Amino acid sequence: MFIDTHCHILKKYYDDIDSVINDSIENNVKLIIFSCCEKEDIEESIQLLNSYDSLFATFGFHPDQIDKVCDNDLDQLENLIIQNRKIVGIGEIGLDYHYPTNKEKQKELFGKQLSIAQRLDLPVVIHSRDATKDTIDILNQYHLRGIIHCFSGSLETANTYIKMGYKLGIGGVLTFKNSKLDRIVEKLSVEHLVLETDSPYLTPHPFRGEKNSSKYIPFIVQKISEIKNIPIEEIGKITTNNCYELFDLKL
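Attention here is on the structure that accompanies the text. Along each chain, the written sequence defines residue order, and numbers are assigned to residues from 1. Local features in this predicted model are restricted to residues whose pLDDT is 70 or higher, and side-chain atom pairs enter the listing and the counts only when it is 80 or higher, whereas totals over whole chains, interfaces and linings include all residues. With hydrogens and water stripped out, all remaining heavy atoms of the structure feed into the side-chain values.

Turning our eyes to something else, we now look at helix α4 (residues 103-120). Comment: elements are numbered from the N terminus, with helices defined as DSSP H or I runs of at least four residues and strands as E runs of at least two. Expected span of a helix: the number of residues minus one, times 1.5 Å. Between its first and last C-alpha atoms α4 spans 26 Å; for 18 residues at 1.5 Å apiece the expected length is 26 Å, and the two agree. Exposure classes here rest on a 1.4 Å probe applied to the protein chains alone. A residue is buried below 20% of its type maximum, exposed above 50%, and partly exposed in between. What α4 keeps buried is the set Gln 106, Leu 109, Phe 110, Gly 111, Gln 113, Leu 114, Ile 116 and Ala 117. In this description, contact between two residues means that some pair of their heavy atoms is separated by no more than 4.5 Å. Elements in contact with the buried residues of α4: α3 (71-83), β4 (87-96), β5 (124-129) and α5 (132-139). Asp 121 sits one or two residues past α4 and shows a positive phi near 55°.

Structure (structure tokens):
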């Protein structure tokens, strides 16, 4: 059994959500934890959680939402999370400096959501793009656990996050021919990894160019198996246990 710990499942991405879920189950992806990270997606995301037993979610505001989110939105987010047992974490939240942005506003929004996670004792799913130092500096101010989403950094950075108590989200980038992530994963224990797709983005090889979905998780597992020389079944067992412990999943 595999778990996709990070994806985006909404009607704006897929014409047939039922098919996406069923295709994933047929490919041994029994649980999906999707991310709701924009205000306008909250209502649809709640409906999805109520409609599918195999779906859980993390809710939070992506750093690109800094001009759309106010303190009242954060209060409503916290109340919503308290009320819904299938919202198992806060994310994706973090910092993204890839394009020109107001870094201070991003840090402020990030910190406020980390504070919510700390109050509620929930894991966080961290988005960090071209912002590694600030991300680490801010996370060090809190006592949290979680996932570094779509990890693609150095071995030094990987070990820093691991020492802080975070898992690394490994997705389709691992299968890319020009990716150097395989060299990092080779040196890491599977105990520190979780699986993700970030669908509909980052479709693994050999399906690049197609829309991604959770059904492609086995191709990521296959690549990890080749790199680590560990049976696929063992990788599935370890990464699934990592998710159960991290998100305190009770089925």
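Once that is clear, we can look at the nonpolar core. What tends to happen in soluble globular proteins is that the nonpolar side chains get buried as a cluster. Here the nonpolar core consists of buried residues drawn from Ala, Val, Leu, Ile, Met, Phe, Trp, Tyr and Cys, with membership extended through side-chain atoms lying within 4.5 Å. Of all hydrophobic cores here, the largest spans 71 residues; its most connected members are Leu 114 and Leu 168. With near-sequence residues (within four places) excluded, Leu 114 lies in contact with Ile 93, Val 124, Ile 126, Ile 138, Leu 139, Tyr 142 and Leu 144. Counting 12 residues, the second-largest nonpolar core is a separate cluster that includes Ile 3, Val 125, Val 194 and Cys 243.

Here the bond from Ser 199 into Pro 200 is cis, since omega is 15°, no more than 30 degrees from zero. With respect to the element layout, Pro 200 can be found in the loop between β8 (193-195) and α8 (217-228). One non-glycine residue, Asn 28, adopts positive backbone phi at about 70°. For Asn 28, the location among the structural elements is in the loop between α1 (17-26) and β2 (29-36). Look at Asn 28 and you get partly exposed, because its relative accessible area is 29%. In this model, Asn 229 sits at a positive phi of 55°, which is unusual for a non-glycine residue.

The next point concerns the pairing of strand β3 (residues 55-59). Of all five residues in β3, five are buried, a share of seventy percent or more. Burial along β3 is two-sided: Leu 55, Ala 57 and Phe 59 and Phe 56 and Thr 58, pointing in opposite directions, are all buried. A pair of strands is labelled paired if DSSP reports no fewer than 2 bridges between them. The pairing of β2 with β3 spans five bridges and is parallel. If you follow Ser 35 over to β3, its bridge partner there is Thr 58.

In this section: the packing of α3 against α4. Axes, fitted as lines to C-alpha atoms, cover a helix only where it is in contact. Angles between the N-to-C directions of the axes lie from 0 to 180 degrees. α4 packs onto α3 with a crossing angle of 25° between their chain directions and a minimal axis gap of 11 Å. As far as their axial angle goes, α4 and α3 are roughly parallel. Crossing geometry of α3 relative to α4 is assigned as right-handed. Facing Asp 71, Leu 74, Leu 77, Glu 78, Ile 81 and Ile 82 of α3, the residues of α4 in contact are Leu 109, Lys 112, Gln 113, Ile 116, Arg 119 and Leu 120. As a working rule, the residues Ala, Val, Leu, Ile, Met, Phe, Trp, Tyr, Cys and Pro are called nonpolar, Asp, Glu, Lys and Arg charged, and the rest polar, with Gly in that last group. Considering only residue class, the contact of α3 with α4 consists of seven nonpolar, one polar and four charged. In these notes the angle categories are as follows: under 35 degrees is roughly parallel, over 145 is roughly antiparallel, 65 to 115 is roughly perpendicular, and the rest is oblique. Handedness of a helix crossing follows the sense of rotation of the near helix relative to the far helix, less than a right angle counterclockwise being left-handed and clockwise being right-handed.

The strand order across the open sheet built from eight strands is β1-β2-β3-β4-β5-β6-β7-β8, with neighbouring strands paired in parallel fashion. Where the open sheet ends on each side, the last strands, each with one partner, are β1 (2-4) and β8. Each strand axis lies, on average, 30° off the axis of its neighbour in the sheet, ignoring direction.

So, on to the pairing of β2. Most of β2 sits inside the fold, with seven of its eight residues counted as buried. Pairing between β1 and β2: three bridges, direction parallel. Paired with Ile 3 across the strands is Leu 31, a residue of β2. One crossover worth recording links β1 to the parallel β2 by way of α1, and it is right-handed. By definition, the crossover connecting two strands over a helix is right-handed if that path, from the first strand to the second, turns clockwise as seen with the strands pointing away from the viewer.

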